[in-house]
Amino acid sequence: MAAERQLLIVEDDAAFARTLGRSFERRGYAVLLATSLDDVSALLQNHSPAYAVVDLKLNGDASGLACVQALHAHDADMLIVVLTGFASIATAVEAIKLGACHYLAKPSNTDDIEAAFGRVTGNTEVKLTNRSSSIKTLEWERIHQTLVETDFNISEAARRLGMHRRTLARKLEKQQVK
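Here's a quick rundown of the structure.

What counts as what
Residues numbered from 1 in each chain as written. Predicted model: local features only at pLDDT ≥ 70, side-chain atom pairs only at ≥ 80, totals over all residues. Heavy atoms only, no water. Pairing = 2+ DSSP bridges. Helix = DSSP H or I, 4+ residues; strand = E, 2+ residues; numbered from the N terminus. Axes fitted to C-alpha atoms, helices over the stretch in contact; angles between N-to-C directions. Contact = heavy atoms within 4.5 Å.

Observations regarding the sheet that holds strand E2 (residues 30–34)
So, point 1. Pairing is parallel in the open sheet, where five strands are placed in the order E2-E1-E3-E6-E7. Both edges of this open sheet fall to E2 and strand E7 (102–105), since each of them pairs with a single strand only. Taking the axes of each pair of neighbouring strands and ignoring which way they run, one obtains an average angle of 20° across the sheet.
So, point 2. In the sheet, strand E1 (residues 6–10) pairs with strand E3 (residues 51–55) via four bridges, with the strands oriented parallel. What sits directly across from isoleucine 9, in E3, is valine 53.
So, point 3. Helix H2 (residues 37–44) contacts E1 and E2 of the sheet and is inclined by roughly 140° relative to E2.
So, point 4. Against the sheet, helix H5 (residues 110–118) touches E1, E3, strand E6 (79–84) and E7, its axis set at about 140° to E6.

Put into structure tokens, the structure is as follows:
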């Protein structure tokens, strides 16, 4: 199949990856699956997909941001969408800086992802709000900024934030988008 319809899914949840992959295959994509940066590197030896969907948080506290960076370095024209259950402004900014064209919070479906591939330019008509950020939102953003800085190492992030590792883990469990 032509490379312009090849899609790489980087996701460590095997069931979700299979379901998403089948959905894209029904839409005419040739789907490649990877669960880590090593898998991505190996696949890029023989394939040059035009599209990629990357989970932000992979097994073992690995960051999907490293995958985004590697994919963008391989092909700057590849359309990369980052999916996450740990959405934050800090990680969204980093994902875009590293080469993602869009950033979606889970749950997102095939329609959402395919639409994101089509929205690669910014929109100046987005409504601005006058609402200021709450203390909880600011804390959440700081936690995620620190997680990005530590490559999602929870122990190191907790140390930098001045809190116990279990406290940070509990906060992350409470805020996770299902």
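Continuing now.
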